[in-house]
Amino acid sequence: MPHTQSTYLAMRYSRAVALRHERLYGHGYQGPSSEETFNDLTGRLRLRADFRVLDVGSGLGGDAFRLAVQYGVSVLGLDSSAELTDVCLERIEESGTLGVTFATGDVRDSDLLTDDSFDIVWSRDCVVFVPLADKLALWRRLHRVLRPGGQVMVTDYCLGPRGGSSEHTARMAAWDHYMISPAAYQTMLTDVGFTEVKMEDLSSQLKANMLEGHTRLLSERACFLEEMGKAEYERLLSRWERKINSCDTGEIVWTVLTARRPGEAR
Ligand SMILES: C[S@@+](CC[C@H](N)C(=O)[O-])C[C@H]1O[C@@H](n2cnc3c(N)ncnc32)[C@H](O)[C@@H]1O
């Protein structure tokens, strides 16, 4: 049976809700979008114009477009939300960007991921949505789609040292978030056969981006209220405040993880 989107994911990554969150995160994004973050992440990789990149959970395509434009690589953005794929395809049409394409599919079973044809698996904040029982099989799959010597660059929400309270667990379950600790993540990738597995806490970059969104929510309050009504505005504001707070309390850690499939890189 192919995987289907949960009710929460279908709502959260509908066109309307994603475009609303994009106004807070930054154009093309459902997460940290700054030039600083993008440069930090790409700086951890060897990038070459003839490389093929798989962007897992590409969302509104921010990184996929940037990678194609700035590095000349060819990018396939895969996302389980057909509505977001449509937005990305419209944006290709509007911008005439070359080298990037998007498809709808669940990374756990998409038939687009059949052979080891990718030089880089890139993913920003998507794997957290994959249930704990499926994570190991997913990483085995991602290992298989990489060419020998291929690289992984993933950002993800991990369980922080103070995560796991009943209140935090309930909130994460409501958001379909399935977090593991950075140490468990590192072990999982090593067990799957990746080498040079490295992790770093980038929560300060997440927090800086969330604070910018928070400032926008407050300074453009009237505009947001008119657009979405009071109840939805209050919900969004409280979601942003809770997420900022989770970085401070150590409930979540925003982590970057890099690794390599063993073998001679081309
Ligand atoms: C937090 S958003 C990040 C989007 C984008 N990477 C960014 O940084 O702006 C997570 C994305 O993962 C997608 N997603 C969640 N589970 C997925 C799955 N199993 N397969 C493919 N995409 C998935 C969602 O539809 C959503 O677009």
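Use the structure listed above.
Quick caveat, the model's predicted, so the values are computed rather than measured.

Engineer: So what's going on with the packing of aromatic side chains? Residues and values would help.
Structural biologist: Under the defined criterion, the tally for this structure stands at eight aromatic pairs. A ring pair is formed by Trp 139 and Tyr 185, whose centres lie 6.2 Å apart and whose planes are at 70°; its orientation type is edge-to-face. Of the two residues, Trp 139 is situated in helix 6 (residues 132–145) and Tyr 185 in helix 8 (residues 182–192); the sequence distance between them amounts to 46 residues. Each member of the pair Trp 139 and Tyr 185 is classed as buried. A centroid spacing of 6.5 Å and a plane angle of 35° characterise the contact between Phe 224 and Tyr 233, whose relative ring orientation is tilted. With a relative accessible area of 1%, Tyr 233 lands in the buried category. What links up through ring pairs into an aromatic cluster is the set Phe 38, Tyr 71 and Trp 122.

Engineer: An account of the pairing of strand 7 (residues 252–260) is needed here, citing residue identities and associated values.
Structural biologist: By the criterion of burial, strand 7 is predominantly enclosed, with eight of the nine residues buried. One ladder, built from nine bridges, connects strand 5 (residues 146–159) with strand 7; its direction is antiparallel. Considered in strand 7, the bridge of Met 153 is made with Thr 258. Bridge count for strand 6 (residues 195–201) against strand 7 is five bridges, and the pairing is antiparallel. Bridge assignment links Met 199 to a residue of strand 7, and that residue is Leu 257.

Engineer: Give me the sheet that holds strand 1 (residues 52–56): which residues, what numbers.
Structural biologist: Where strands meet in a sheet, backbone hydrogen bonds hold them as pairs that are either parallel or antiparallel. Strand order in the open sheet formed by seven strands is 3-2-1-4-5-7-6, and the pairing between neighbours is mixed. The open sheet has two edge strands with one neighbour each: strand 3 (100–104) and strand 6. Strand-to-strand twist of the sheet, defined as the mean angle between neighbouring strand axes without regard to direction, takes the value 15°. Set on the sheet, helix 4 (residues 62–71) makes contact with strand 1, strand 2 (74–79), strand 3 and strand 4 (118–124); between it and strand 3 the angle comes to about 155°. Docked against the sheet, helix 5 (residues 82–95) engages strand 2 and strand 3, running at close to 160° with respect to strand 3.

Engineer: Would you mind going over the environment of Ala 137 in detail, with residue names and values included?
Structural biologist: Structurally, the position occupied by Ala 137 is in helix 6. For Ala 137, a relative accessible area of 46% puts it in the partly exposed group. On a C-alpha basis, the gap between Ala 137 and Arg 108 in space is 7.9 Å, while along the polypeptide they are 29 residues apart.

Engineer: So, unusual backbone geometry: which residues are in play, and what are the values?
Structural biologist: The backbone of Asp 125 sits at a positive phi, close to 60°, despite the residue not being glycine. Assignment of secondary structure puts Asp 125 in the loop between strand 4 and helix 6.

Definitions and limits used
- Residues numbered from 1 in each chain as written.
- Predicted model: local features only at pLDDT ≥ 70, side-chain atom pairs only at ≥ 80, totals over all residues.
- Heavy atoms only, no water.
- Phe/Tyr/Trp six-rings, centres within 6.5 Å; stacked < 30°, edge-to-face > 60°.
- Helix = DSSP H or I, 4+ residues; strand = E, 2+ residues; numbered from the N terminus.
- Buried < 20%, exposed > 50% of the residue type's maximum accessible area, 1.4 Å probe, protein only.
- Pairing = 2+ DSSP bridges.
- Axes fitted to C-alpha atoms, helices over the stretch in contact; angles between N-to-C directions.
- Contact = heavy atoms within 4.5 Å.

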